[in-house]
Amino acid sequence: KAGVTQTPRYLIKTRGQQVTLSCSPISGHRSVSWYQQTPGQGLQFLFEYFSETQRNKGNFPGRFSGRQFSNSRSEMNVSTLELGDSALYLCASSLKGAHLSYNEQFFGPGTRLTVL
Amino acid sequence: QQQVKQSPQSLIVQKGGISIINCAYENTAFDYFPWYQQFPGKGPALLIAIRPDVSEKKEGRFTISFNKSAKQFSLHIMDSQPGDSATYFCAATLSSGTYKYIFGTGTRLKVLA
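Residues numbered from 1 in each chain as written. Chains lettered and ligands numbered in written order. Predicted model: local features only at pLDDT ≥ 70, side-chain atom pairs only at ≥ 80, totals over all residues. Heavy atoms only, no water.

Some thoughts on unusual backbone geometry
How we decide: Strands are runs of DSSP state E lasting at least two residues, helices are runs of H or I lasting at least four, and both sets are numbered from the N terminus onward.
With an omega of -10 degrees, the peptide bond running from Thr7 of chain A to Pro8 of chain A counts as cis. Tracing the backbone through its elements, the reader meets Pro8 of chain A in the loop between strand 1 (5-7) and strand 2 (10-13). Residue Pro8 of chain B is reached from Ser7 of chain B by a cis peptide bond, and omega for that bond is -5 degrees. You can see Pro8 of chain B is positioned in the loop between strand 1 (4-7) and strand 2 (10-14). In this structure, Ser72 of chain A takes a positive phi of about 75 degrees despite not being glycine. Residue position: Ser72 of chain A is located in the loop between strand 7 (64-68) and strand 8 (74-78). Its identity as a non-glycine residue notwithstanding, Thr80 of chain A has a phi of 45 degrees, on the positive side. Relative to the helices and strands, Thr80 of chain A resides in the loop between strand 8 and strand 9 (87-94).

Focus on a nonpolar patch on the surface
Residue and element names in this part refer to chain B. The criterion, for reference: Each patch is built from salt-bridge-free residues with over 30% relative accessible area, joining like charges within 9 Å and nonpolar side chains (Val, Leu, Ile, Met, Phe, Trp, Tyr) within 5 Å. The Shrake-Rupley method, run with a 1.4 Å probe, gives the accessible areas here. Residue values count only the displayed protein chains as cover. Salt bridges are defined as contacts in which a side-chain nitrogen from Lys or Arg sits within 4 Å of a carboxyl oxygen from Asp or Glu. Throughout this description, buried means an accessible area under 20% of the type-specific maximum (1.4 Å probe, protein chains only), exposed means over 50%, and partly exposed covers the range between.
Among the surface-exposed residues, Ile18, Ile20 and Met78 lie close enough to one another that they form a single nonpolar patch of about 240 Å² accessible area. Positionally, Ile18 belongs in the loop between strand 2 and strand 3 (19-25). Relative accessible area serves as the criterion here: at 47%, Ile18 is assigned to the partly exposed category.

With respect to the nonpolar core
For clarity, the threshold we go by: To qualify as a nonpolar core, a set must consist of buried Ala, Val, Leu, Ile, Met, Phe, Trp, Tyr and Cys residues joined through side-chain atoms within 4.5 Å.
The biggest cluster of nonpolar side chains holds 25 residues, and the ones touching the most others in it are Val4, Phe33, Trp35, Phe73, Leu75 and Tyr88 of chain B. Listing elements by their share of this core, those giving two or more residues are strand 2, strand 3, strand 4 (30-38), strand 5 (45-50), strand 7 (62-67), strand 8 (72-77), strand 9 (86-94) and strand 11 (107-112) of chain B. Looking at this core, the element that brings in the most residues is strand 9 of chain B, giving four residues. Counting residues in each nonpolar core, the second largest holds 21 residues, with Leu21, Phe47, Tyr49 and Leu113 of chain A among its members.

Topic: the sheet that holds strand 3 (residues 19-24) of chain A
Whenever strands of a sheet pair, they do so through backbone hydrogen bonds, lying parallel or antiparallel. Residue and element names in this part refer to chain A. Here is the rule: DSSP calls a pair of strands paired once it identifies at least 2 bridges connecting them. Angular values range over 0 to 180 degrees, each being the angle between N-to-C directions of two axes fitted as lines to C-alpha atoms, with helices fitted over their stretch in contact.
With respect to topology, four strands assemble into an open sheet ordered 1-3-8-7, the strand pairing being antiparallel. Each edge of the open sheet is held by one strand with a lone partner, namely strand 1 and strand 7. Geometrically, the sheet is characterised by an average inter-axis angle of 20 degrees between neighbouring strands, direction not taken into account. Here five bridges tie strand 3 to strand 8, and the two strands are oriented antiparallel to one another. Looking across to strand 8, one finds that Thr20 is bridged to Asn77.

Examining the pairing of strand 3 of chain A
Every regular strand shows the same layout, with side chains that alternate between the two sheet faces. Where strand 1 of chain A and strand 3 of chain A come together, three bridges link them in antiparallel fashion. Note that in strand 3 of chain A the partner of Thr7 of chain A across the bridge is Ser22 of chain A.

Topic: the state of the cysteines
Selection criterion: When two cysteine sulfur atoms lie within 2.5 Å, the pair is treated as a disulfide.
Tallied over the full model, the rule gives two disulfides over all chains. Residue Cys23 of chain A pairs covalently with Cys91 of chain A via a disulfide, S to S 1.7 Å. Classification of the bridge connecting Cys23 of chain A and Cys91 of chain A rests on its S-S torsion, roughly -50 degrees, and on that basis the disulfide is left-handed. Taken together, the residues span a long stretch of sequence, with Cys23 of chain A in strand 3 and Cys91 of chain A in strand 9 at a distance of 68 residues. The residues Cys23 of chain A and Cys91 of chain A share a single accessibility class, namely buried. The disulfide partner of Cys23 of chain B is Cys90 of chain B, and the S-S distance across this bridge is 1.9 Å. On the sign convention where negative is left-handed, the bridge of Cys23 of chain B and Cys90 of chain B, at about -95 degrees about the S-S bond, is left-handed. On the criterion of sequence distance, the pair formed by Cys23 of chain B in strand 3 and Cys90 of chain B in strand 9 is long-range, its members being 67 residues apart. Note on Cys90 of chain B: relative accessible area 0%, which makes it buried.

Encoded structure:
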């Protein structure tokens, strides 16, 4: 089975622009979660989608949004980019909904976003 | 509180030594504690996980020790190898109510040859 894929792998944007990141989960997985990873903060949960519905949301401003399509692929959008948004954005997929315990997450390689 | 505190931030160990990384959590409702290993340029990968009904779990050279009363858990890497050099994250999940993974801030491990 192919793993979680994320596109693009690298992205450079300037302040004020917006960006859309894409994630394709493992085939058959219905849950997709997004994380922001920075050296100082570690992995910060952004949101989780299951069957096209946002189930959970982290403590990020409304500039960060996402959606999930019927084929479980997910996109994350960041509007009005700020310098502090520079980070590695990771997507993780899991078979079951996140409300079920012991639900292993499989991570993609991430998209490295640099905001200038 | 849903924080997970991880220490140390970085660790240097000689080949063949024992690497120990500690995590502490606050929310007693957490009921699944995985450890992830991340190599540069890659996403984190599940290494080993434990549930609070056991005090220890071993898989090969990797062992999780769990202390429910102290709300602490730790990862022990026995006979550490240079290939173990990576960043390690502990995490905790909440299976009831609002659910998400809470990650520690990571430990950068370097094993010297």
